[in-house]
Amino acid sequence: MAVKDVMDALRDMTIENTRLSELVKDIKLIGKTLEIVYRLPKKGLEEDIVERTREALERLADVEDVKVRFVEDVPAQPVMGAPAFTRRKVPGIKHLIAVGSGKGGVGKSTVSANLALALSKLGYRVGLLDADIYGPSIPTIMGVKGERVSVDENNRIIPIEKYGIKLLSIGFLLPSEDTPVIWRGPMLMKALTQFLFDVNWGELDYLVLDLPPGTGDVQLTLAQNVHMGGAVVVTTPQDVALADVKKAVAMFKEVQIPVLGVIENMAYFICPDSGKKYYIFGKGKVAEFASAYGLKILGSIPVDPELSQTSDLGKPVVESHPDSDSARAFFSIAKLISDITERR
Ligand code: ADP
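My aim in this report is to walk through the structure given alongside it, one point at a time.

Procedures and definitions
Residues numbered from 1 in each chain as written. Predicted model: local features only at pLDDT ≥ 70, side-chain atom pairs only at ≥ 80, totals over all residues. Heavy atoms only, no water. Helix = DSSP H or I, 4+ residues; strand = E, 2+ residues; numbered from the N terminus. Rg over C-alpha atoms; globule rule 2.2 N^0.38 Å. Buried < 20%, exposed > 50% of the residue type's maximum accessible area, 1.4 Å probe, protein only. Contact = heavy atoms within 4.5 Å. Lys, Arg positive; Asp, Glu negative; His and termini not counted. Charge placed at Lys NZ, Arg CZ, Asp CG, Glu CD. Pairing = 2+ DSSP bridges. Axes fitted to C-alpha atoms, helices over the stretch in contact; angles between N-to-C directions.

1. Concerning the overall build of the protein
So, step 1. Across its full length, the protein carries 12 helices and 17 strands.
So, step 2. Taking 20 Å as the expected radius of gyration for a compact globule of 344 residues, we find that the protein reaches 21 Å, a close match to that expectation.
So, step 3. Its C-alpha atoms give the protein principal-axis dimensions of about 65 × 55 × 45 Å.
So, step 4. Counting only residues that meet the buried cut, the protein has 48% of its 344 residues in that class.
So, step 5. When contacts within the protein are restricted to residue pairs at least 6 apart in sequence, long-range pairs at least 24 apart make up 75% of them.
So, step 6. Here the protein carries 42 positive and 45 negative side-chain charges, and the mean point of each set is 4 Å from the other.

Right, here's the structure in full:
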């Protein structure tokens, strides 16, 4: 069990309309003892917060003891409508678009890569940053596995260029594919921040940021510290994916990052023999979710064996088969995203 699981549990529990996770100033898991320091939003709430915390953590079998401390820290009143965080803008980047998902395996990295390529083919200057520290797959998808990055005279990382876009992945810094990424907390955040700010990106219209799946500390910290133009969420029509993507949407809302829309992946399968569409995972579920959350569906991508094969071969479908149904779906999504972001 990780601190992430604890934060997930605390995110689901509220006190006076504030999620417990938002009050956490410090959190440590030592053996089976969890130590939490909360910012106290109001005097007199201490007992309730402790009780709610225990309630939230009940289902986490690995936590046997919880020690709670409070620090009085009344946050500065945010200006109406403005985020309560100081976010840095990545120099040279016009629009930073985060791609998130509730769970792994729904095609987030595949979508990120093809979306970046589609934007580039529409004439924009594009970068792609693989922040999926737990499973960096962009080097494989973009056919640059095994490449290493160098630094310029100002010690800034020089991204790799492929198919006309600038690429950076934590995969470039690891000695081998099998190296586990065990960085945690501050070290991890330092590496990721460096990946955004200490990079010679040049001038880009779009930087597509492939986030790790889920709503853990990395996503939250990035979202709170980096100025993002918007986020898109990727889901399949499966119930398990939909249940989790709701959390991802809630997280972006919580940190006031506009969700530009939903990308429905593996929406249907077109039978190559008959041309008939089959909604393998069910029809209308993503539309239902999108409408319940007031979100736009930016596009639906079919289950396409070619999409998977071309990714494995390092030449994504938008590059290798630009006339395919999948590639067309990506072009249409890229166009919509550019319309939305340019309008803002
Ligand atoms: P995530 O980043 O969400 O973990 P990936 O992009 O790595 O997911 O995709 C997981 C697997 O599913 C990969 O093998 C990928 O090629 C495959 N895949 C993704 N989208 C599709 C699709 N629309 N049709 C067929 N295979 C797909």
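Additional details are given in the paragraphs that follow.
2. A short note on the side chain of Asp 210
So, step 1. In this fold, Asp 210 is placed in strand E12 (residues 204–210).
So, step 2. Its relative accessible area of 0% is what places Asp 210 among the buried residues.
So, step 3. Asp 210 has contacts with Val 99, Lys 108, Ser 109, Ser 112, Leu 129, Asp 130, Ala 131, Asp 132 and Ile 138, leaving out every residue within four places of it along the chain.

3. Brief notes about the sheet that holds strand E5 (residues 65–72)
So, step 1. Taking strand neighbours across the sheet as the criterion, the 3 strands line up as E3-E4-E5 in an open arrangement whose pairing is mixed. The sheet terminates laterally at strand E3 (24–30) and E5, the two strands that pair on one side only. For this sheet the average axis-to-axis angle between neighbouring strands, irrespective of direction, equals 15°.
So, step 2. As defined by bridge partners, E3 adjoins strand E4 (residues 33–40) across 6 bridges and the pair is classed as antiparallel. Residue pairing in the sheet places Ile 27 in a bridge with Ile 36 of E4.
So, step 3. Strand contacts of helix H3 (residues 46–57): E4 and E5, with the helix running at about 145° to E5, the strand carrying the most contacts.

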